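# Inside the fold
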Amino acid sequence: MTARRWAVIVVMLVVGAVWAYPFLWTISAAFKTQQGMFTGGASLMPDLWSFENFERAWVNAGFSQFFANTVLYTVSSTLIELVKSALCGYVIARYRFPGRGFLHKMIIATLFVPVASIIVPQFVLIEQLGLLNTRAGVILAMSGAAGALYVLLFIGFFSSVPDELFEAAKMDGAGFLRTFSLILPLAKPVIAVVVIFQFIANWNEFNIPLVFTLGQPELQNLAVGMLSFQGEHVTDWTGFAAGMTISFAPMLIIFLFFQKYFVRGLAGATKG
């Protein structure tokens, strides 16, 4: 191994350590006492290992309910967004109809629209539907974004699928939905990208669960629940660290589960 390669490895290890340190420090702080966190400085080793912070976060701060709400919101809205973007990408890629090019350009244009800018019309719509301060309202609002990036990824994938597969399905008498259900399993890399991106975005969503559940705080998610550790005059920092650890653990599991498809899907889905 050349000296240049060793130098690159050392630099990458240093960069990786710098990026990983805040994450590791948060996990370490979750096991520390309040005094140990403030006196331990940059140390990653707790002076006294304690699970009291997790118990306080899970029971006293209501994280058990927040966690259940977050799982429901994230899984439901991710599935809705996945089906919605896959169907849209499938239609645009495989069908020719008036306005197809314009629709494609409009989808691309929504990439430049901040998601936060549509929260007011979303709020009005959910209120008129009578779903304000309900779990269904939160799920619909969280899955109501355009999802333009996901649509473009599916357009790229379905455009690259050989026409022979669609012709074979048509000859077997498969209709629109049947053909879509037969081809969709081939898009595992794209599905992995969509699931990872949307799962993380929904899991960390703060604005919608806060605004749409102001009248029912028990319907809030983990991101909003973090405010439970902030009092009028004091903040429970070790409890906050425990809550953060509880919050990002599922995201790591999802990423590790789908990682073998992730890079391949992100690199290859836009071809064609």
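My aim in this report is to walk through the structure given alongside it, one point at a time. (Residues numbered from 1 in each chain as written. Predicted model: local features only at pLDDT ≥ 70, side-chain atom pairs only at ≥ 80, totals over all residues. Heavy atoms only, no water.)

Of regular secondary structure, the chain possesses 14 helices and 0 strands. Secondary structure elements of the chain, listed N to C terminal, follow the sequence α-α-α-α-α-α-α-α-α-α-α-α-α-α. The C-alpha extent of the chain, read off along each of the three principal axes, is 70 × 65 × 35 Å. Within the chain, the fraction of its 272 residues that count as buried is 38%. Summarising the internal contacts of the chain: among those between residues at least 6 apart in sequence, 72% fall at separations of at least 24. Carbon and sulfur atoms make up 70% of the accessible area of the chain, which amounts to about 15,600 Å² in all. Distance from the positive charge centre (16 side chains) to the negative charge centre (13 side chains) of the chain: 16 Å. (Helix = DSSP H or I, 4+ residues; strand = E, 2+ residues; numbered from the N terminus. Buried < 20%, exposed > 50% of the residue type's maximum accessible area, 1.4 Å probe, protein only. Contact = heavy atoms within 4.5 Å. Areas by Shrake-Rupley, 256 points an atom, 1.4 Å probe, with all protein chains shown as cover. Lys, Arg positive; Asp, Glu negative; His and termini not counted. Charge placed at Lys NZ, Arg CZ, Asp CG, Glu CD.)

With that settled, consider the pattern of salt bridges. For the structure on display, the rule yields 4 salt bridges. Here arginine 56 makes a salt bridge to aspartate 236, at a shortest N to O gap of 2.6 Å. Of this pair, arginine 56 sits in helix α3 (residues 52–60) while aspartate 236 sits in the loop between α13 (222–225) and α14 (237–268), and the two are 180 residues apart along the sequence. Notably, a salt bridge pairs aspartate 163 with arginine 94, separated by 2.4 Å at the nearest N-O pair. Here aspartate 163 is found in helix α9 (residues 163–171), whereas its partner arginine 94 is found in helix α4 (residues 63–94), with 69 residues between them in sequence. According to the relative accessible area criterion, aspartate 163 is partly exposed, its value standing at 47%. Exposure remark for arginine 94: the relative accessible area of 22% places this residue in the partly exposed category. Counted as one network, the salt bridges with shared partners bring together Glu52, Arg56 and Asp236. (Salt bridge = Lys/Arg side-chain N within 4 Å of Asp/Glu carboxyl O.)

Quick look at unusual backbone geometry now. The phi dihedral of asparagine 133 is positive, around 60°, even though this residue is not glycine. Take asparagine 133: it is sitting in the loop between α6 (119–128) and α7 (135–142).

The grouping of Tyr21, Phe23, Leu24, Leu44 and Leu252 at the surface amounts to a nonpolar patch, some 380 Å² of accessible area in total. Per-element tally for the nonpolar patch: the top contributor is helix α1 (residues 3–30), with 3 residues. Here leucine 24 is to be found in helix α1. (Patch = residues over 30% accessible without salt bridge, like charges linked within 9 Å, V, L, I, M, F, W, Y side chains within 5 Å.)

With that settled, the discussion passes to the nonpolar core. Grouped burial of nonpolar side chains is what soluble globular proteins tend to show. In this structure, Phe63, Phe154, Phe157, Phe158 and Val190 are the most contacted members of the largest nonpolar core, which totals 47 residues. Of all the elements in the fold, those that place two or more residues in this core are α1, α3, α4, α8 (148–160), α10 (176–183), α11 (188–203) and α14. With 10 residues, the next largest nonpolar core counts Ile119, Met142, Ile208 and Phe212 among its residues. (Core = buried A, V, L, I, M, F, W, Y, C linked by side-chain atoms within 4.5 Å.)

For any pair of aromatic rings, geometry is given as the distance between the ring centres together with the angle between the planes. Here the structure, examined in full by the defined rule, presents 21 aromatic pairs. Among the aromatic residues, those joined into a cluster by ring pairs are Tyr90, Tyr95, Phe154, Phe157, Phe158, Phe166, Phe176 and Phe180. (Phe/Tyr/Trp six-rings, centres within 6.5 Å; stacked < 30°, edge-to-face > 60°.)

So, on to the side chain of asparagine 53. You can see asparagine 53 is positioned in helix α3. Among the residues examined, asparagine 53 registers a relative accessible area of 4% and is labelled buried. Separated by 2.7 Å, the side chain of asparagine 53 and the backbone oxygen of lysine 32 make a polar contact. Of the polar contacts made by the side chain of asparagine 53, one reaches the side chain of arginine 56; its length is 2.8 Å. If sequence neighbours within four positions are ignored, asparagine 53 has contacts with Ala29, Ala30, Phe31, Lys32, Thr238, Gly239 and Ala242. (Polar contact = N/O pair within 3.5 Å; in protein donor to acceptor, adjacent residues only side chain to side chain.)

Moving on, we get to the packing of α4 against helix α5 (residues 100–109). Between two packed helices, the angle of one axis relative to the other and the distance separating the axes together describe the packing. Direction vectors running N to C along α4 and α5 enclose 140°, while the axes themselves pass 10 Å from each other. Between α4 and α5, the crossing angle belongs to the class labelled oblique. The way α4 lies across α5 gives a crossing that is left-handed. Contacts from Cys88, Ile92 and Ala93 of α4 reach α5 at Arg100, Leu103 and Ile107. Class assignment for the residues of the contact of α4 with α5 results in 5 nonpolar, no polar and 1 charged. (Axes fitted to C-alpha atoms, helices over the stretch in contact; angles between N-to-C directions. Parallel < 35°, antiparallel > 145°, perpendicular 65-115°, else oblique. Left-handed = near helix turned anticlockwise from the far one by under 90°. Nonpolar A, V, L, I, M, F, W, Y, C, P; charged D, E, K, R; others polar.)

Moving on to the packing of α4 against α8. Where α4 meets α8, the closest approach of the two axes is 7 Å, and the angle between their N-to-C directions is 45°. In terms of orientation, α4 lies oblique with respect to α8. Viewed along their axes, α4 and α8 form a crossing whose handedness is right-handed. Contacts from Glu81, Leu82, Ser85, Ala86, Cys88, Gly89, Tyr90, Ile92, Ala93 and Arg94 of α4 reach α8 at Tyr150, Val151, Phe154, Ile155, Phe158 and Ser159. Among the residues making up the contact of α4 with α8, the classes are represented as 11 nonpolar, 3 polar and 2 charged.

As far as function goes, none of this settles anything; it's purely spatial.
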